[in-house]
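Next come the chains, spelled out residue by residue.
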Amino acid sequence: MTSDAVLLVEDLEKHHVDASGHRNTAVDGLSFEMRQGDFYTLLGPSGCGKSTTLRAIAGLEPIDTGRITLHGQVLNDTAQGIAVPPNRRQLGMVFQSYAIWPHMTVTQNVAFPLRMQRPKLSSRDIAARVHEALAAVQLDSFSNRMATALSGGQQQRLALARALVARPRLLLLDEPLSNLDARLRSSMLAELTRLQRDFGTTALYVTHDQTEALSMSSRLAVMNQGRIVQEGSPADIYYRPADEFVARFVGEMNMLGATADTPLTPGTTGTVRLSDGTALPVHAAISVAKGQTVSLGARYESVTILPAGTPGPADAAILPAVLTGQVFLGEIRRWSARLPDGTELVATSIGRQADGLSPGSAVSLAIARQDLLVFPTPAATPPAQPASGDADG
Ligand SMILES: Nc1ncnc2c1ncn2[C@@H]1O[C@H](COP(=O)(O)OP(=O)(O)OP(=O)(O)O)[C@@H](O)[C@H]1O
């Protein structure tokens, strides 16, 4: 473990056996590390094992194998038979359902975790810390209200204040914004990151929402089928997705079939060819032999529109195309465009850039070399297992 690791999760595995005796793998050899002050997000589609991982860290889910260490204290180690109970882990938790105590006032809800602490805190210290936490979530003027008499967003803020007041060693957040409407969600997003920073809390966040993950995280792990597929900063994940799954799950991306025209090795430049023979310059991040088929990815905003016949900037792919449709989104317009071989791409124009163009216009599409990503062609999907087989994976 590195010296500044707060949480270390090693080779975590968890299987569930359903009512008909099938064994489902929820978490499949997961390892990651969090550092002090991280806002670390597990991002992935429904059922990929995010909540199971969080619940395992909280001690609410027994694990099959693996080791979980928090600030050097082993919380779980299946090899040694260690499993620290949830109430002795000193973690803060905020889950989808607010789980505030309905029979208590706002103040009583936030004071409760402090009253449970041993050695006992003085009433004066409790009052000061409750006030600080309620002020941080802007609920100080509601302190005497019953918790049930708050709106959904206020209840969620109360749940956060209650989680933060005990100054947890780690804050676990499982889709805490999913019950809020769109407007509240975005203001809570900003508030959450501010609170996490102000309190200096290290937070582990779980979501399937890529916008939340990209905007809030200091580091982020994309999960699929119980495993971490890629870990990095939001910009790393967005601009350098490790594979097609990550590219499609985080952001939106055009995909084109192509063939390597030169051998490609990581960090080198080379050329790939579309089916109609058009050669495109690329930067490779993977090794590909000459002649091998690949998938080419380009983010929608990386495909820009130039007047037809423009030679275009150096170091960019220039493709002739015909615009086939547009969606006006205010600050940008999304265009669909057809290449000569019939492939449809999505391109983006900003502001009034594409005024005068309309569906039917002949244009050139430009994609900078650094924005053309080369992925191995996905392996063919294996045939479905018979119903009686092991459903692992
Ligand atoms: N108690 C259980 N019994 C059987 N299978 C379970 C149980 N809990 C979870 N699973 C299965 O384990 C897998 C992972 O579930 P988990 O809740 O961790 O996913 P998730 O990524 O958090 O999904 P979501 O975003 O929908 O909450 C899923 O296939 C789920 O059906």
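Not measured: the values here are computed from a predicted model.

Caption draft 1: Broad picture of the overall build of the protein chain. Regarding its fold elements, the protein chain presents 8 helices and 21 strands. Relative to its 393 residues, the protein chain shows a buried fraction of 46%. In the protein chain, 64% of the contacts between residues at least 6 apart in sequence involve partners at least 24 apart. Of the accessible surface of the protein chain, which amounts to about 18500 Å², a share of 52% is contributed by carbon and sulfur atoms. Here the protein chain contributes 34 positive and 37 negative side-chain charges, whose respective centroids are spaced 8 Å apart.

Caption draft 2: Just the domain arrangement of the protein chain, in detail. Considered domain by domain, the protein chain is made up of domain 1 (5-240) and domain 2 (252-376). Computed over C-alpha atoms, the centres of domain 1 and domain 2 are 40 Å apart. Facing the 4 residues of domain 1 at the interface are 4 residues of domain 2. Linking domain 1 with domain 2 are 0 salt bridges. The interface formed by domain 1 and domain 2 includes 3 residue pairs in polar contact (both at pLDDT 80 or more). Residue classes in the side of domain 1 that touches domain 2 are distributed as 3 nonpolar, no polar and 1 charged.

Caption draft 3: View of the site of the ligand. Neighbouring the ligand are the residues His 16, Ala 26, Pro 45, Ser 46, Gly 47, Cys 48, Gly 49, Lys 50, Ser 51, Thr 52 and Glu 175. Between an oxygen atom of the ligand and a side-chain N or O atom of Ser 46, the distance comes to 2.6 Å. When residues in the shell around the ligand are grouped by element, the largest group, 3 residues, is from helix α1 (residues 50-58).

Caption draft 4: Representation of the packing of helix α3 (residues 123-136) against helix α4 (residues 152-165) within the structure. Interaxial distance between α3 and α4 falls to 9 Å at its minimum, and their mutual angle equals 135 degrees. Between α3 and α4, the interaxial angle falls into the category oblique. Handedness of the crossing formed by α3 with α4: right-handed. On α4, the residues touching Arg 129, Val 130, Ala 133 and Leu 134 of α3 are Leu 158, Ala 161 and Val 165. Here the residues of the contact of α3 with α4 sort into 6 nonpolar, no polar and 1 charged.

Caption draft 5: Here's a closer look at helix α5 (residues 182-198). With 17 residues, α5 should cover 24 Å at 1.5 Å per step; its first-to-last C-alpha distance of 24 Å lies within 8% of that length. Taken as a whole, α5 has its buried residues at Leu 184, Arg 185, Met 188, Leu 189, Glu 191, Leu 192, Thr 193, Leu 195 and Gln 196. Residues of α5 that are buried in the fold lie against β3 (39-43), α3, α4, β8 (170-174), β9 (203-207) and α6 (210-216).

Caption draft 6: A look at the side chain of Asp 38. Relative to the helices and strands, Asp 38 is located in the loop between β2 (23-35) and β3. Judged by its relative accessible area of 8%, Asp 38 is buried. A distance of 2.8 Å separates a polar side-chain atom of Asp 38 from the backbone nitrogen of Arg 35. Of the polar contacts made by the side chain of Asp 38, one reaches the side chain of Arg 219; its length is 3.5 Å. When neighbours within four sequence positions are excluded, Asp 38 is seen to be in contact with Gln 196, Thr 201, Thr 202, Ala 203, Ser 218 and Arg 219.

Each value, and the rule that gives it
- Residues numbered from 1 in each chain as written.
- Predicted model: local features only at pLDDT ≥ 70, side-chain atom pairs only at ≥ 80, totals over all residues.
- Heavy atoms only, no water.
- Helix = DSSP H or I, 4+ residues; strand = E, 2+ residues; numbered from the N terminus.
- Buried < 20%, exposed > 50% of the residue type's maximum accessible area, 1.4 Å probe, protein only.
- Contact = heavy atoms within 4.5 Å.
- Areas by Shrake-Rupley, 256 points an atom, 1.4 Å probe, with all protein chains shown as cover.
- Lys, Arg positive; Asp, Glu negative; His and termini not counted.
- Charge placed at Lys NZ, Arg CZ, Asp CG, Glu CD.
- Domains from an automatic or database assignment.
- Salt bridge = Lys/Arg side-chain N within 4 Å of Asp/Glu carboxyl O.
- Polar contact = N/O pair within 3.5 Å; in protein donor to acceptor, adjacent residues only side chain to side chain.
- Nonpolar A, V, L, I, M, F, W, Y, C, P; charged D, E, K, R; others polar.
- Near = heavy atom within 4 Å.
- Axes fitted to C-alpha atoms, helices over the stretch in contact; angles between N-to-C directions.
- Parallel < 35°, antiparallel > 145°, perpendicular 65-115°, else oblique.
- Left-handed = near helix turned anticlockwise from the far one by under 90°.
- Expected span 1.5 Å × (residues − 1).

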